[in-house]
Every structure is written in structure tokens, then in C-alpha cells.
Amino acid sequence: MVKELEIEFRNLLTQEEYARLIDTFRIKEEDYFEQTNYYFDTADFSLKERQSALRIRQLEEQYQLTLKTPEARGLMETTQILAQDQATAILDGANIPVGPVRDTLKEIGINHEDLQLFGSLKTIRAEKDYKKGLLVFDKNFYGTTSDFDLEYEVADYDKGKEIFAKLLKDYQITNQPAENKVARFYNHVYRNNG
């Protein structure tokens, strides 16, 4: 996987709404997995200014380096798989390796040598197929904050929007559109350091 269009809808949940959905969709203990996102930007937040984000995602078996850049509808994800030693080196301050992510950074005017690690966000996640899309149930931990959200990943924006709105209504979930995780992470960083 190198480039992929991401279309998703996202809603913040209360702990009670999260628990209700987990019960309704019969999510079991073995359905959960953990991932950690490590976020990078320049000192003056050049990626954030471009509505873009760069992360290393640590999964059980692999590391993914992903750059998200805006499209008319959704985000373009440019991803490279990293070996553990590459990911560790980047987290310790090494440069982004040669490849599609570094090429795309250059295209949007970001010098890969200016990037620095800003922090991490851990997610405990479960996923279920739902009406030709993927429902994602997340509990997130970043800084001193934790929250819950529901994501719906789809291929068709209009159908996905309609299905997600109906799901929220049918399950009596308060409509609280959520910023993506990196935006929530940055807002937390700004609130606590600004």
C-alpha cells in the first residue's frame, strides 16, 4: 500500500454511549487490539498549516509511516512500512527514509530534516464490518486526556455520510462530530503548552 484515499466519518462518544455500542455490536475482549501513533511536525507546525499530518503507527507486527494530505473529499494517505530499527531511529531523531512519504513531503514543501516528534496517542481499537464500510470503536489516551470515538470508514462519501447519520440516530448517539486524532492531539498539546 502506497497511496490510498481515506474517507471516514467520526463522532465523539460518552463512556456510556461507547459501552452501549460495544454491547450492541457484540464486541468481545479478543476483538480489541492496541496501536500507538507517534506524531511529527516542524517546530512551526508547517504540516498542520497545510491540514496535513505525519505519523508512525506502531501495531503488534509492524510500523507504518503515514503522511495524510487533504483531498476534495477525504485525505490521501501515503504509507511506507518500516522495519522496527527504522521506526526506532526516526523516533530517536533520524531522518525520514527515502521513499514515497519523503517524496510527498517534498512535493508539499516540507523539508524532512525539519521534522520532530511531538508526542504519541495510544488507541485501544475494535472493528466491525458494517453496510459496506468499517465501523471502528476507539478508546484513546494522549497526554492527560482520554476519550472515546466511533469512526466509519467507507469508499463512497455520500452513502457513508447517510449510513453514519442513520446509525447515530438509530442508536441514540449524540451527534458530536469529532476532529481526527492528530487534531485532538495537537489541541491538547496547545492547551497544555500554549
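Note that this is a predicted model, so its numbers are computed, not measured. (Residues numbered from 1 in each chain as written. Predicted model: local features only at pLDDT ≥ 70, side-chain atom pairs only at ≥ 80, totals over all residues. Heavy atoms only, no water.)

Student: Just to check I follow, could you spell out the packing of aromatic side chains for this structure?
Tutor: Any two aromatic rings considered together are summarised by their centre-to-centre distance and by the angle between their planes. Applying the stated criterion across every chain, the model contains ten aromatic pairs. Relative to Phe-148, the ring of Tyr-18 lies with its centre 4.6 Å away and its plane at 40°, an arrangement referred to as tilted. In this pair, Tyr-18 sits in helix H1 (residues 15–24) while Phe-148 sits in strand S8 (residues 145–154), placing the two residues 130 residues apart along the sequence. The exposure class of Phe-148 is buried, given its relative accessible area of 9%. Measuring from ring centre to ring centre gives 4.8 Å for Phe-45 and Phe-118, while their planes differ by 35°; the resulting arrangement is tilted. Here Phe-45 is found in the loop between strand S2 (33–41) and helix H2 (46–49), whereas its partner Phe-118 is found in strand S6 (residues 116–130), with 73 residues between them in sequence. (Phe/Tyr/Trp six-rings, centres within 6.5 Å; stacked < 30°, edge-to-face > 60°. Helix = DSSP H or I, 4+ residues; strand = E, 2+ residues; numbered from the N terminus. Buried < 20%, exposed > 50% of the residue type's maximum accessible area, 1.4 Å probe, protein only.)

Student: How should the nonpolar core be read in this particular structure?
Tutor: Considering soluble globular proteins, one finds that nonpolar side chains tend to be buried as a cluster. Core analysis: the biggest nonpolar cluster contains 20 residues, and Leu-13, Leu-21, Phe-25, Leu-135, Phe-137, Leu-150 and Leu-167 have the highest contact counts within it. Among the elements of the structure, strand S1 (3–13), H1, S6, strand S7 (133–142), S8 and helix H5 (157–170) are those that each provide at least two residues to this core. If one sorts the elements of this core by residue count, S8 sits on top with four residues. Setting aside residues up to four positions removed in sequence, Leu-167 forms contacts with Phe-25, Tyr-130, Leu-135 and Leu-150. With 16 residues, the next largest nonpolar core counts Leu-54, Leu-67, Val-101 and Leu-115 among its residues. (Core = buried A, V, L, I, M, F, W, Y, C linked by side-chain atoms within 4.5 Å. Contact = heavy atoms within 4.5 Å.)

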